[in-house]
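# Commentary on secondary and tertiary structure
For reference, the chains in residue letters:
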Amino acid sequence: MKDIEKTSVDRVNSRKRIRRRRRLLNVYVVIVLVLVAVIGFAASYTFLFNITEIRVSGESDMYSAEQIVEASEIHQGDNLLRLDIEKSQERILKNLLYVETAEVTRDFPSSLEIKVSKCTPSFNVSTGSKTLVISKQGKILAENSFITDGLPVIYGYNPNTRTPGDYIDSDENFKKDAFEALISSIVKLGETNISNINMADEHAIVINYKNGMVFKMGNWNDAEYKLNMAATVMEQPYVKGKKGFLTMIGSHECGFRTSDEPVEVPGNIEPDKKKKKTDENGEPIEELEPSAETNPDQEERFSDYNSQNDENREGYFDFEEDSEDGENDEQKPTSEDGYTLDENGGYYDSEGYYHDQWGYYYDSFGNYYDPYGNLVGSPYDDGGSYYDDSYDSYDNSYDQGW
């Protein structure tokens, strides 16, 4: 029998075989990573990151830490990743009436912090026969049949909810915007002198202060700026301690007056009321009567009144020229210094300065002085407002001596 000689064969790995092995290795790595991720994800949402400590901080005079945690419906052992933070915050605000804000924060790996702030009754909102008490952020705290003393009363707002715990709201979008702008500005400025606010017309808001001042604010645009300006005007020396009306003039000026009546130009000339002419048949004949725009005397008076720069001011309010035969030479009242008084009780001195009946006077440049010679305002603008030393317009009624 012929013996068979065994020989060894060396296999040479081809490039294709090497590439195949590398692909298989990559597949194995991906599978392992996926398995690890799945296991880690499952562990994180089951026994990892479970809550072992809950901390409560902030201001809360009405509720204990245990009550706040209970209201959040969060418990030890709950998973941090599975926790719905927003819903927990909403539950605290809904379940605890006198909590203004609630903030829930995760503190990995196993802690949770709840921070709250307390509600402070800040405003009365009149709804007719009832009054809502709301917080600084508009949370309804109570519905009463009386007005809570010490809190501003807001009239003219129509809320669509009155349930304690809800945040006040309205179906009228403009009024809602105006309301939010007002209360946020008042809270930010720390204003405590307001008695009530009438926003029946959100474009003509009226604010009454405890010191007797009435502020015609206009619309709610730049509410914080307007409220701050009104407070500044009320602290001015010539306004402080007085009662009257503050009115926004445009967007950047605030005028003060002690009367709410429209300002009238002294010596206003009314057109003569003449009997209408008729023709031969008794029918009225239409005539063009001079109006305030076409009346020369009226225009001359307005021009002289607004310019305030005439050096010759004699007879400033008197347009009746003295006749040569002395028909109008009747005795006129004079001041203590012997100057002839006009129909408004004012007079011009020898230097051409006009003094009003309260002792305030103007020089030829339009500067306005008090009876003691102190500069009050300068110069006048087209609307009749004067400016103080910082050129902030405060008064559009300089002719009244305010």
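Refer to the preceding data block for the structure.
The following refers to the structure shown. What you see is a predicted model; the values in this text were computed from it and never measured. (Residues numbered from 1 in each chain as written. Predicted model: local features only at pLDDT ≥ 70, side-chain atom pairs only at ≥ 80, totals over all residues. Heavy atoms only, no water.)

## Description of the packing of helix α4 (residues 173-189) against helix α5 (residues 223-234)
A pair of packed helices is captured by two measures, namely the crossing angle of their axes and the spacing between those axes. Threshold: For helices, the fitted line uses only the C-alpha atoms of the stretch in contact; every axis is such a line through C-alpha atoms, and the angle between N-to-C directions lies from 0 to 180 degrees. Helix numbering and strand numbering both begin at the N terminus, where a helix is a DSSP run of H or I of at least 4 residues and a strand a DSSP run of E of at least 2. Any angle that is under 35 degrees is reported as roughly parallel, and any over 145 degrees as roughly antiparallel; angles of 65 to 115 degrees are reported as roughly perpendicular and all others as oblique. What makes a crossing left-handed is the near helix being turned counterclockwise from the far one by less than a right angle; a clockwise turn instead makes it right-handed. Whether two residues touch is decided by their heavy atoms; if any such pair falls within 4.5 Å, the residues are in contact. Note on residue categories: nonpolar means Ala, Val, Leu, Ile, Met, Phe, Trp, Tyr, Cys or Pro, charged means Asp, Glu, Lys or Arg, and polar means any other residue, Gly included.
Following both chains from N to C, one finds α4 and α5 inclined at 50 degrees, their axes separated by 9 Å at the closest point. Classed by the angle they form, the pair α4 and α5 counts as oblique. Pair α4 / α5 crosses with right-handed handedness. On the side of α4, the interface is formed by Ala181, Ser185, Ile186, Lys188 and Leu189, while α5 contributes Ala223, Glu224, Leu227 and Asn228. Partitioning the contact of α4 with α5 into residue classes produces 5 nonpolar, 2 polar and 2 charged.

## Here's the deal with the sheet that holds strand β3 (residues 111-118)
The test is simple: Any two strands with at least two DSSP bridges between them are considered paired.
As summarised here, the arrangement of the 3 strands in space is β1-β3-β2, forming an open sheet in which the pairing is mixed. Bordering the open sheet on either side are β1 (53-58) and β2 (99-107), each of which pairs with just one other strand. On average, adjacent strands in this sheet sit at an angle of 20 degrees to one another, irrespective of strand direction. One ladder, built from 6 bridges, connects β1 with β3; its direction is parallel. Bridged to Ile54 within β3 is Leu112. Against the sheet, helix α3 (residues 85-95) makes contact with β2 and β3, and its axis sits at roughly 150 degrees relative to β2, the strand it touches most.

## Notes on unusual backbone geometry
The omega torsion of the bond from Phe108 to Pro109 falls at 15 degrees, within 30 degrees of zero and hence cis. Looking at the secondary structure, you find Pro109 in the loop between β2 and β3. The residue Glu73 is not glycine, and still its phi comes out positive at about 65 degrees. Phi is positive for Asp222, close to 55 degrees, though the residue is something other than glycine. Structurally, Asp222 can be placed in the loop between β10 (214-218) and α5.

Shape is all these values report; function is a separate question.
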